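# Structural overview
Here's the letter readout for the chains.
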Amino acid sequence: MQDTQDDDTSDDDASVVMDRGQYENSKTPWDQESWRGALLGWADRELAARGLRAAGRRSVRLRPWSVLVRIPVEGTDAAGRPTTVWLKANPPAGAFEAPLTAALARWVPEYVLHPLAVDADRGWTLLPDGGDLFRQVLDRDPADPRAWEEPLRRYATMQRALIPYAKDLEDLGVPGARTTALPQVFDRTVEFIASVLTEDAAVDLTRMRAARPRLLNWSTELADLGIEDSLDHSDLHDGQLFHPEPGRFTFFDWGDAAVSHPFCSFLVPAGDIVERYGPESLPRLRDAYLEPWTATGRTTKELHRALTLAERLGAIGRAVSWGRHFPGASDATRRAGATASARWLLKLSSDEPLTTG
């Protein structure tokens, strides 16, 4: 069974540039005229309240886990460039991103985008443009892995600042994946995978479940090392932060986030770094990320061990995020998500050397 459009929206609409990626048949609320009208009407009203007006063709990016609309507005920014705002809608399982984005702008304003407007109940966020992505900057000058040092330090500093807000984050709806609860999160994710991929012989559920004792030991050891839980972005690749000018980095896109061990966040950038620069670049960048954590009183050896454990356990957070789809997702979409989740959890049973050393 495939998702189908249920209303008269058209990808050829002259006012919209549509991007469905590889999900041509995937169902999102955008395909419902009433929902689409409510979303765009809300954005127009919020823009008008700030003296802004949409101008030009919207670009719409549809995925099973988000609707993202690029809205050109009249006027130019300080650099003379056309002004753009971004409208994001999350599924119910990721609706926490809207109030989280607003809260982060209050708690750690120097590290994040400041939303123009938020509808916390519906999971809608209106955001200013953040400038150049860090990925774009790296593509222009790709030779030096040290470019990652400062954003990793800043991200770690932000995580430390958010430790006192861990309970507040959960109250906003950010999923809880506390270090000591990771085995239970693993169990729920395995059951999700098993329920969706009931007849898929390629998914080794036995091997997946056999990893539980080792991850229980890892999570216990990690908790005993004493780094408190904070916000884990869970997908911090080079396209999830802006670098609009020297010395400035802005983190965004929190739809995969959880309250968990902060070091779990290093898994994804470590993969990015290895892919772009090779594994020999990791030790220096690992130490850049750990530098702000030296103030916790942990030894270098303890911090390195904690990062090694958390990188392994970060696979659980990546696995969980693949189940956050809009309601009515097709069997094909659910299978694709469960298959991706399974790939992440099977990493827990691997004895391959860890990238962090």
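See the structure above.
A brief report on the enclosed structure follows.

### As for the overall build of the protein chain
In terms of regular secondary structure, the protein chain is built from twelve helices and ten strands. Here the C-alpha atoms of the protein chain give a radius of gyration of 21 Å, agreeing with the 21 Å that 2.2 N^0.38 yields for 357 residues. Each principal axis of the C-alpha distribution contributes one length, and for the protein chain these read about 55 × 50 × 40 Å. Sequence separation of 24 or more characterises 71% of the internal contacts of the protein chain that already satisfy a separation of 6 or more. Looking at the protein chain as shown, the accessible area adds up to about 16,100 Å², and 49% of this sits on carbon and sulfur atoms. Both charge centroids of the protein chain, one from 42 positive and one from 54 negative side chains, sit 2 Å from each other.

### Observations concerning the nonpolar core
Ranked by size, the top nonpolar core spans 73 residues in total, and within it Met 208, Trp 254, Phe 263 and Tyr 289 carry the most contacts. It is helix 11 (residues 300-321) that provides the largest number of residues to this core, a total of nine residues. Other than its neighbours up to four places away in sequence, Tyr 289 contacts Leu 152, Tyr 155, Ala 156, Gln 159, Pro 262, Phe 263, Phe 266 and Leu 307.

### Let's talk about the environment of Thr 84
Structurally, the position occupied by Thr 84 is in strand 4 (residues 82-89). In this structure the C-alpha to C-alpha distance between Thr 84 and Pro 128, which are 44 residues apart in sequence, comes to 6.8 Å. Those residues within four positions of Thr 84 in sequence are excluded, and the remaining contacts are Arg 70, Ile 71, Pro 72, Val 73, Pro 128 and Asp 129.

### A few points about the layout of surface pockets
Empty space within the largest pocket amounts to approximately 1,200 Å³. Residue lining of the largest pocket: 43 residues in total, with Arg 61, Trp 65, His 237, Gln 240 and Asp 253 positioned closest to the centre. Counting only elements with at least two residues in the lining of the largest pocket, the list comes to strand 3 (66-76), strand 4, helix 2 (97-107), strand 6 (124-128), helix 3 (134-140), helix 9 (267-277) and helix 11. Examining the composition of the lining of the largest pocket, we find that three residues originate from one element, helix 9, more than from any other. Grouping the amino acids of the lining of the largest pocket by side-chain chemistry returns 18 nonpolar, 14 polar and eleven charged.

### Comments concerning the packing of aromatic side chains
By the definition in use, this model includes twelve aromatic pairs. Taking the centre distance of 5.9 Å and the plane angle of 90 degrees together, the rings of Trp 35 and Trp 124 count as edge-to-face. Placement of the pair is Trp 35 in helix 1 (residues 33-49) and Trp 124 in strand 6, with a sequence separation of 89 residues. Of the two residues, Trp 35 and Trp 124, neither departs from the other in class, the shared state being buried. Members of the aromatic cluster, connected to one another through ring pairs, are Phe 263, Phe 266, Tyr 289 and Trp 293.

### Quick look at helix 2
Because an α-helix completes one turn every 3.6 residues, residues spaced three or four positions apart along the sequence face the same direction. Most of helix 2 sits out of view: nine of its eleven residues are buried. Those residues of helix 2 not exposed but buried are Glu 97, Ala 98, Pro 99, Leu 100, Thr 101, Ala 102, Ala 103, Leu 104 and Ala 105.

Definitions and limits used
Residues numbered from 1 in each chain as written. Predicted model: local features only at pLDDT ≥ 70, side-chain atom pairs only at ≥ 80, totals over all residues. Heavy atoms only, no water. Helix = DSSP H or I, 4+ residues; strand = E, 2+ residues; numbered from the N terminus. Rg over C-alpha atoms; globule rule 2.2 N^0.38 Å. Contact = heavy atoms within 4.5 Å. Areas by Shrake-Rupley, 256 points an atom, 1.4 Å probe, with all protein chains shown as cover. Lys, Arg positive; Asp, Glu negative; His and termini not counted. Charge placed at Lys NZ, Arg CZ, Asp CG, Glu CD. Core = buried A, V, L, I, M, F, W, Y, C linked by side-chain atoms within 4.5 Å. Buried < 20%, exposed > 50% of the residue type's maximum accessible area, 1.4 Å probe, protein only. 1 Å grid on protein atoms, 1.4 Å probe; cavity = no way out; pocket = protein on both sides within 12 Å on 5 of 7 lines; lining within 4 Å. Points joined across faces, edges and corners; volume = space filled by probe spheres on them. Nonpolar A, V, L, I, M, F, W, Y, C, P; charged D, E, K, R; others polar. Phe/Tyr/Trp six-rings, centres within 6.5 Å; stacked < 30°, edge-to-face > 60°.

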